[in-house]
Amino acid sequence: MTFDPAFDAKFVYVADTGNHRVQQLTGGGLFVDQWGSEGSGEGQFREPGGLAVSSTRSFVYVADTGNHRVQQFTTSGEFVDQWGTEGSGEGQFISPADILFDENDRFVYVLDTGNHRVQIFTSLGLFVDQWGTEGSGEGQLKNPGGMAMDELRDVYVADTGNHRVHKFTRLGTFRSQWGTEGSGEHQFRDPGGIAYDQVNGRVYVADTGNHRVQELMPGGTFVKEWGTEGGGESQFRSPEGIIVDGTEFVYVADTGNHRVQRFDFDGIFKTEWGASDGGGG
C-alpha cells in the first residue's frame with residue numbers, strides 16, 4: 001500500500017493507494033471523511049498516486065494512476081470532472097504519479113510517469129504543453145515519481161529511475177540536476193516524493209530506497225538527513241510521498257509502514273497516524 005498526502009488550509013488529503021480511495025484528515029491525523037472505491041467509473045480509482053488541492057477554487061485533483069487519468073473533486077469528495085486516457089499522445093497518460101498547481105492555480109502539472117514526461121494543462125484539463133523524454137541525459141527522465149514547485153515557479157522532479165533530482169523552469173527548460181545512486185549524502189536510491197518549503201527555502205526528498213528524508217538547498221547543496229529503516233518513530237520503510245504545510249510541519253508518507261509521520265522542519269518527530277494492517281483513519 002502507498003499513501004501520498006496533500007493539504008489545504010484545514011485538512012490533509014491522503015491518496016490511500018492500496019485501498020483505492022482518498023481520505024480526509026485533520027493536520028493531527030483525526031479522520032474526517034473518505035471517498036472512492038476500486039473501479040474505473042466516475043469517482044472510482046485504481047491505485048491513485050499523487051493529489052493536489054486547488055487553493056483558489058477548493059478542488060482536489062487526483063492522479064488516478066491505474067486508470068491513466070486525472071479526476072477532479074470538490075473538497076467534500078463530490079465528483080466534478082476527469083480527463084486522460086491510456087496512451088502517449090497529448091493529454092494521454094501511462095500511470096501518472098503526481099500532480100501540482102502553479103501559483104494562483106492557473107495551470108495543472110501532471111507527472112506522466114510511464115511516458116517519462118511532464119504535461120501541463122489548464123485547470124479545466126485542456127492540454128497546454130509537455131516536456132521530457134526517456135533517458136539519462138540532461139532533461140531526460142526515467143519513471144519519475146514526484147514533483148514540487150518553488151516561489152520562482154521552478155519545478156523539481158524526483159527522477160526515480162535515474163536516482164537523482166532535476167530542476168526545470170516552469171516551461172520545462174533544464175536548469176540543473178543533482179544526485180547519483182548510493183547511500184551517502186547527496187545520493188539517492190529510487191527517490192519518490194519531493195517537496196519545497198517556501199518558509200526556509202529548502203527541498204525535501206523522500207529517498208525511498210534508503211528509507212530516509214534528505215533536506216537540500218534549491219541548488220542541490222546537502223543540508224541534513226533523517227530516518228533509518230524500521231517501524232519506530234522517525235524510522236521508515238520505503239517512504240514515497242512528502243509535503244510541507246508552509247508553516248511548521250513536514251508530512252512523510254511512510255509507505256511500507258502504512259502510515260503518515262509528521263516532523264518539524266528540523267526533522268524532529270511530532271506524531272503519526274495510520275495502521276500496519278492497512279486500515280483506514
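Fair warning: this is a prediction, and the values are worked out from it, not measured in the lab. (Residues numbered from 1 in each chain as written. Predicted model: local features only at pLDDT ≥ 70, side-chain atom pairs only at ≥ 80, totals over all residues. Heavy atoms only, no water.)

Novice: I'd like a rundown of the sheet that holds strand S25 (residues 242–244), residues and numbers included.
Specialist: Reading across from one edge, S25-S26-S27-S28 is the order of the 4 strands in this open sheet, with antiparallel pairing throughout. Sheet topology places S25 and strand S28 (269–274) at the edges, where each strand pairs with a single neighbour. Averaged over neighbouring strand pairs, the angle between their axes works out to 20° when direction is ignored. Sheet topology note: the S25/strand S26 (residues 249–254) ladder contains 3 bridges and is antiparallel. The residue of S26 that forms the bridge with Ile 243 is Tyr 251. (Pairing = 2+ DSSP bridges. Helix = DSSP H or I, 4+ residues; strand = E, 2+ residues; numbered from the N terminus. Axes fitted to C-alpha atoms, helices over the stretch in contact; angles between N-to-C directions.)

Novice: Break down the pairing of strand S14 (residues 155–159) for me, citing the residues and quoting the values.
Specialist: The buried fraction of S14 is high, at 5 of 5 residues. Covered by surrounding structure in S14 are Val 155, Val 157 and Asp 159 together with Tyr 156 and Ala 158, the residues of both alternating faces. As defined by bridge partners, strand S13 (residues 146–149) adjoins S14 across 4 bridges and the pair is classed as antiparallel. Paired with Ala 148 across the strands is Tyr 156, a residue of S14. Linkage of S13 to S14, two consecutive antiparallel strands, is achieved through a turn of 5 residues, within which Arg 153 is found at a positive phi near 70°. Of the pairings in the sheet, the one linking S14 to strand S15 (residues 164–168) comprises 5 bridges and is antiparallel in character. By the bridge assignment for S15, Asp 159 is matched with Arg 164. (Buried < 20%, exposed > 50% of the residue type's maximum accessible area, 1.4 Å probe, protein only.)

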